[in-house]
Amino acid sequence: MNQKITYELPNGISLEIKREDLLHPFISGNKFRKLKYNLLQAKAENQEAVLTFGGAYSNHIAAVAYAGKEQGFKTIGVIRGEELGDKIAENPTLQFAQECGMQFEFVTREAYRFKIEADFIANLQQKFGSFYLVPEGGTNEYAIKGCEEILTEEDATFDFICCAVGTGGTISGIINSALAHQKVLGFPALKGDFLKDEIRKFATNTNWELITDYHFGGYGKVNEELIQFINQFYKQTQVPLDPVYTGKMVFGVIDLIQKKYFPNNAKILLIHTGGLQGIQGMNLILKKKNKTLIEVE
């Protein structure tokens, strides 16, 4: 569903937001898209378990846990940070995943770096038996196929398609399905330029660009300006934004409009990739630091 945003914009520019966050109450946004064909493949392979990876407040972990419960898979989450094993009750994301039946394997941050190595996977297979492996963030060829379905015929009128970038899967699918006259802009939630190579592995077109100025210090990092923007945006539009991905992207787009990056009368579509479950965890962190809370729950 595309929602037109009532926002005072210069030069005839118009904004709409595709509410992918409303696709499913628990398998949110791009996670729904990424898991769709992965779970069909797991069934085709007659797998009974799905194993994946994530951090403390991972949208992906929460989505896989619920999808497994919904579709009858046993789920296993390899979680970065062995100290989290004693703090499940303090972590809304892990608590939710556990309530959905997910089994956890907590590993050190050092060990987690080797998660794609053959020996690491073999040890997991020895411990848990056979499983269907979904990469961290869900990005693989099946995820790209799902994300290619985000854009529809009704989106043909837009000049720019904007989305947040984590592992590069969502934007790759959007790039593949974007039309020739459209430019896809990605706003990485992480520092660094390495994502271009990841996107090129899956993206077939060249009508895209990464805008790397709005990561706010890196993955999961926020500041007062971003939180105030998210709260104000919600008050004005009634559209909730998460602080890790979509909030940064929308902040960036509004800032670029003010800096006259876009041509006059540009029609811009923002992709809301979900992730709202992470707000609760972020607010726990902000509260401990005596910072402003996100007020969109």
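Residues numbered from 1 in each chain as written. Predicted model: local features only at pLDDT ≥ 70, side-chain atom pairs only at ≥ 80, totals over all residues. Heavy atoms only, no water.

K.L.:
Can you explain the packing of aromatic side chains? Please cite residues and give values.
P.N.:
The tally for this structure, following the rule as stated, stands at 13 aromatic pairs. Between tyrosine 66 and phenylalanine 96, the aromatic rings sit 6.2 Å apart at their centres with planes inclined by 10°, giving stacked as the arrangement. One end of the pair, tyrosine 66, is in helix 2 (residues 59-71); the other, phenylalanine 96, is in helix 3 (residues 92-99), and 30 residues separate them in sequence. Among the residues examined, tyrosine 66 registers a relative accessible area of 17% and is labelled buried. (Phe/Tyr/Trp six-rings, centres within 6.5 Å; stacked < 30°, edge-to-face > 60°. Helix = DSSP H or I, 4+ residues; strand = E, 2+ residues; numbered from the N terminus. Buried < 20%, exposed > 50% of the residue type's maximum accessible area, 1.4 Å probe, protein only.)

K.L.:
Quick one: what's the story with the nonpolar core, residue by residue and with numbers?
P.N.:
In this structure, Leu15, Phe187, Phe229, Val253, Phe262, Ile268 and Leu270 are the most contacted members of the largest nonpolar core, which totals 40 residues. Taken together, the elements giving at least two residues each to this core come down to strand 2 (14-19), strand 7 (160-165), strand 8 (183-188), helix 9 (224-237), helix 10 (246-258), strand 10 (267-272) and helix 11 (278-288). At 7 residues, helix 10 tops the list of elements feeding residues into this core. Leucine 15 has contacts with Lys4, Ile5, Leu9, Val253, Ile254, Ile257, Ile268 and Leu270, leaving out every residue within four places of it along the chain. Core analysis: the next-biggest nonpolar cluster, separate from the first, contains 23 residues, Tyr66, Ile88, Met102 and Phe104 among them. (Core = buried A, V, L, I, M, F, W, Y, C linked by side-chain atoms within 4.5 Å. Contact = heavy atoms within 4.5 Å.)

K.L.:
Mind laying out the packing of helix 2 against helix 3, listing which residues take part and the relevant values?
P.N.:
Where helix 2 meets helix 3, the closest approach of the two axes is 8 Å, and the angle between their N-to-C directions is 15°. In this view, helix 2 runs roughly parallel relative to helix 3, as classed from their interaxial angle. Handedness of the crossing formed by helix 2 with helix 3: left-handed. In this structure, helix 2 contributes Ile61, Ala62, Ala65 and Tyr66 to the contact, and helix 3 contributes Thr93, Phe96 and Ala97. (Axes fitted to C-alpha atoms, helices over the stretch in contact; angles between N-to-C directions. Parallel < 35°, antiparallel > 145°, perpendicular 65-115°, else oblique. Left-handed = near helix turned anticlockwise from the far one by under 90°.)

K.L.:
An account of the sheet that holds strand 7 is requested, with residue identities and associated values reported.
P.N.:
Here 6 strands make up an open sheet; going across it, the order is 1-2-10-7-8-9 and the pairing mixed. The outermost strands of the open sheet, each flanked by one partner alone, are strand 1 (2-4) and strand 9 (208-210). Direction aside, neighbouring strands of the sheet carry axes that sit 25° apart on average. As paired strands, strand 7 and strand 10 are joined by 3 bridges and run parallel to one another. (Pairing = 2+ DSSP bridges.)

K.L.:
Please provide a residue-by-residue account of helix 5 (residues 118-128), values included.
P.N.:
All of the buried residues along helix 5 are Phe120, Ile121, Leu124 and Phe128. Buried residues in helix 5, looked at end-on, bunch into an arc of 95°, giving them a common side. The outward face of helix 5, more than 90 degrees from its buried face, is lined by the exposed residues Ala118, Asp119, Asn123 and Gln126. Here the buried face of helix 5 lies against strand 3 (49-54), strand 4 (74-80), strand 5 (103-107), helix 4 (109-112) and strand 6 (132-133). Phi turns positive, to about 85°, at glycine 129, one or two residues after helix 5. (Arc of directions from axis to C-beta.)

K.L.:
Help me get a handle on the pairing of strand 2, residues and values and all.
P.N.:
Summarising burial for strand 2: 6 of the 6 residues are buried, a large majority. With burial as the criterion, each face of strand 2 is covered, one bearing Ser14, Glu16 and Lys18 and the other bearing Leu15, Ile17 and Arg19. Across 6 bridges, strand 2 lies against strand 10 in parallel orientation. Counterpart to glutamate 16 in the pairing with strand 10 is leucine 269.

K.L.:
Lay out the layout of surface pockets in plain terms, naming residues and giving numbers.
P.N.:
Looking at the second largest pocket, its volume works out to about 840 Å³. For the second largest pocket, the lining is made up of 34 residues, of which Tyr57, Gly220, Gly281, Met282 and Ile285 are closest to its centre. Those elements that place two or more of their residues in the lining of the second largest pocket are helix 9 and helix 11. The greatest single-element share of the lining of the second largest pocket, amounting to 7 residues, is contributed by helix 11. (1 Å grid on protein atoms, 1.4 Å probe; cavity = no way out; pocket = protein on both sides within 12 Å on 5 of 7 lines; lining within 4 Å. Points joined across faces, edges and corners; volume = space filled by probe spheres on them.)

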